[in-house]
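A look at the structure
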2 protein chains.
Amino acid sequence: MGARLVLRIDFDGRHAVGPGKIRLLEAIRDAGSIREAGRSLGMSYRRAWLLVAALNECFEERVVSTQLGGAHGGGATITEFGTRLIETYREIEREAHSANAGRLATLDAARRKPAPERQS
Amino acid sequence: MGARLVLRIDFDGRHAVGPGKIRLLEAIRDAGSIREAGRSLGMSYRRAWLLVAALNECFEERVVSTQLGGAHGGGATITEFGTRLIETYREIEREAHSANAGRLATLDAARRKPAPERQS
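Residues numbered from 1 in each chain as written. Chains lettered and ligands numbered in written order. Predicted model: local features only at pLDDT ≥ 70, side-chain atom pairs only at ≥ 80, totals over all residues. Heavy atoms only, no water.

**Describing the packing of aromatic side chains**
Filter applied, for reference: Stacked, tilted and edge-to-face pairs are distinguished by plane angle, under 30 degrees for stacked and over 60 for edge-to-face with tilted covering the rest, among Phe, Tyr and Trp rings (Trp via its six-membered ring) whose centres lie within 6.5 Å. Definition used: whenever NZ (Lys) or CZ (Arg) falls within 6 Å of the ring centre and also within 35 degrees of the ring normal, the charge is taken to sit over that ring.
All told, the structure shown has four aromatic pairs over all chains when counted by the stated rule. Here the aromatic cluster, defined as three or more aromatic residues joined through ring pairs, consists of Phe11, Phe59 and Phe81 of chain A. Stacked on the ring of tyrosine 45 of chain B, the Lys or Arg arginine 35 of chain B has its end atom at 4.2 Å from the ring centre.

**Regarding the sheet that holds strand β1 (residues 4-10) of chain A**
Spelled out, the test is: In short, DSSP must find at least two bridges between two strands for them to pair. Counting from the N terminus, the helices are DSSP H or I runs at least four residues long and the strands are E runs at least two residues long.
As summarised here, the arrangement of the four strands in space is β2(A)-β1(A)-β1(B)-β2(B), forming an open sheet in which the pairing is antiparallel. Two strands lie at the open edges of the sheet, namely β2 (16-17) of chain A together with β2 (16-17) of chain B, each paired on one side alone. Bridge analysis of strand β1 (residues 4-10) of chain B against β2 of chain B gives two bridges, and the strand direction is antiparallel. The partner of isoleucine 9 of chain B across the bridge, within β2 of chain B, is valine 17 of chain B.

**As for the interface of chain B and chain A**
Spelled out, the test is: By definition, residues are in contact when any of their heavy atoms lie within 4.5 Å. As a working definition, buried area equals the accessible area (1.4 Å probe) given up by two parts on being put together, with both sides summed. Whenever Lys or Arg places a side-chain nitrogen within 4 Å of a carboxyl oxygen from Asp or Glu, that contact is recorded as a salt bridge. Polar contact criterion, stated in full: a pair of N or O atoms within 3.5 Å, where within protein one must be able to donate a hydrogen and the other to accept it, and residues adjacent in sequence count only if both atoms are side-chain atoms.
Chain B puts 33 residues into the contact, and the matching count from chain A is 33 residues. Summed over both sides, the interface of chain B with chain A buries roughly 3100 Å², with 58% coming from carbon and sulfur. The tally of links between chain B and chain A comes to six salt bridges. Arginine 111 of chain A is paired through a salt bridge with aspartate 12 of chain B; the nearest N and O atoms lie 2.5 Å apart. The interface formed by chain B and chain A holds 21 residue pairs in polar contact (both at pLDDT 80 or more) in total. Where the side of chain B that touches chain A is concerned, the elements lending two or more residues are β1, α3 (45-58), α4 (80-99) and α5 (101-109) of chain B. The element best represented in the side of chain B that touches chain A is α4 of chain B, accounting for eight residues.

**Describing the environment of valine 6 of chain B**
For clarity, the cut-off: Under the scheme applied here, a residue whose accessible area is under 20% of the maximum for its type counts as buried, over 50% as exposed, and between as partly exposed, the area being computed with a 1.4 Å probe on protein chains only.
Within the element layout of this structure, valine 6 of chain B appears in strand β1. With a relative accessible area of 9%, valine 6 of chain B lands in the buried category. Counting along the chain gives twelve residues from valine 6 of chain B to glycine 18 of chain B, while the straight-line C-alpha distance between them is 8.1 Å. Those residues in contact with valine 6 of chain B that lie beyond four places of it in its chain are Val6, Leu7, Arg8 and Asp10 of chain A together with Pro19 of chain B.

**Details of the confidence of the model for chain A**
Residue and element names in this part refer to chain A. Worth spelling out the cut-off: Residue-level confidence of the predictor is summarised by pLDDT, bounded by 0 at the bottom and 100 at the top.
Averaged over every residue, the pLDDT of chain A is 91; residues scoring 70 or more account for 91%. No element of chain A has a lower mean pLDDT than strand β3 (residues 64-67), which averages 90, and none a higher one than helix α4 (residues 80-99), which averages 98. Predicted complex metrics record ipTM = 0.88 and pTM = 0.88.

**What to know about the relation of the copies chain B and chain A**
Put simply, the rule is: Least squares is the method for superposing the copies, and the C-alpha atoms it fits come from residues with pLDDT of at least 70 in both.
The transformation that overlays chain B on chain A combines an axial shift of 0.0 Å with a rotation of 180 degrees, and the residual RMSD is 0.0 Å. Interpreted geometrically, this transformation is the action of a two-fold axis. Interface residue correspondence from chain B to chain A reaches 100%, placing this contact among same-surface, isologous pairings.

**Points about α4 of chain B**
Residue and element names in this part refer to chain B. For clarity, the cut-off: The span you would expect from a helix comes to 1.5 Å times its residue count less one. Taking the helix axis as origin, the arc is that swept by the directions to the C-beta atoms.
For α4, with 20 residues, the first-to-last C-alpha span of 28 Å sits near the 28 Å given by 1.5 Å per residue. Among all positions of α4, only Phe81, Gly82, Leu85, Ile86, Thr88, Tyr89, Ile92, Glu93 and Ala96 are buried. Buried residues of α4, viewed axially, fall in a sector of 165 degrees; they line one side. Opposite its buried face, α4 presents the exposed residues Glu80, Arg94 and Ser98, each directed more than 90 degrees away.

**A look at the pattern of salt bridges**
Scanning the entire structure with this criterion turns up 20 salt bridges over all chains. Glutamate 26 of chain A serves as the salt-bridge partner of arginine 90 of chain A, at 2.9 Å between the closest nitrogen and oxygen. Of this pair, arginine 90 of chain A sits in helix α4 while glutamate 26 of chain A sits in helix α1 (residues 19-31); the two residues are 64 residues apart in sequence, bridging distant segments of the chain. Owing to a relative accessible area of 22%, arginine 90 of chain A belongs among the partly exposed residues under this scheme. On the basis of relative accessible area, glutamate 26 of chain A is assigned to the buried category, the value being 15%. Via salt bridges that share partners, Asp12 of chain A together with Asp108 and Arg111 of chain B belong to a single interconnected network.

Here it is as structure tokens:
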């Protein structure tokens, strides 16, 4: 599997966007609901809701818009800005990896090899 | 200050190198002691020692070598490999930033502006 970068974008001491929030946005996009998205990631509704609120508070434009009521108790959709945020994060990830492919391979080669398994 | 990337290098589920371990290595290099380095970062000796042990376990070569005893109770120095590890992490950080400068500026521009301060 090799060495892999995990990226967090820090805006100040208080706001950050990292892999957890981006995965949640992708899950909301796919599920159409904060509750279902949280469930698919093993996250409580409360936690998923707080992460969405933090994202909506971080940016000028909302990333998720919620619909109340309706036959299925409302739902949530990713806004155009939210879609761009996911794309930009994934691009940053790809670019960071490709700019550092050689360095990551060097570090991976320096890792301690697991001890060979004993015959039982 | 703008948007800033914080990078963690994940090797597998169990080993990772991120900003905390790198800052600790730099502090050990500067202080010549795990205890002093931890203290300068507001970290207990036990925590600093465990982070160093995790690094030494992660790679084939040690990153820190410790000297027992002596007039001042021993000390710790960064190995040549440890020096290369710090340098490589800092290079990865620089390259990831420069490959993504435009994207980070775009995200920073999309942030919610703080409310203007009220006259008191």
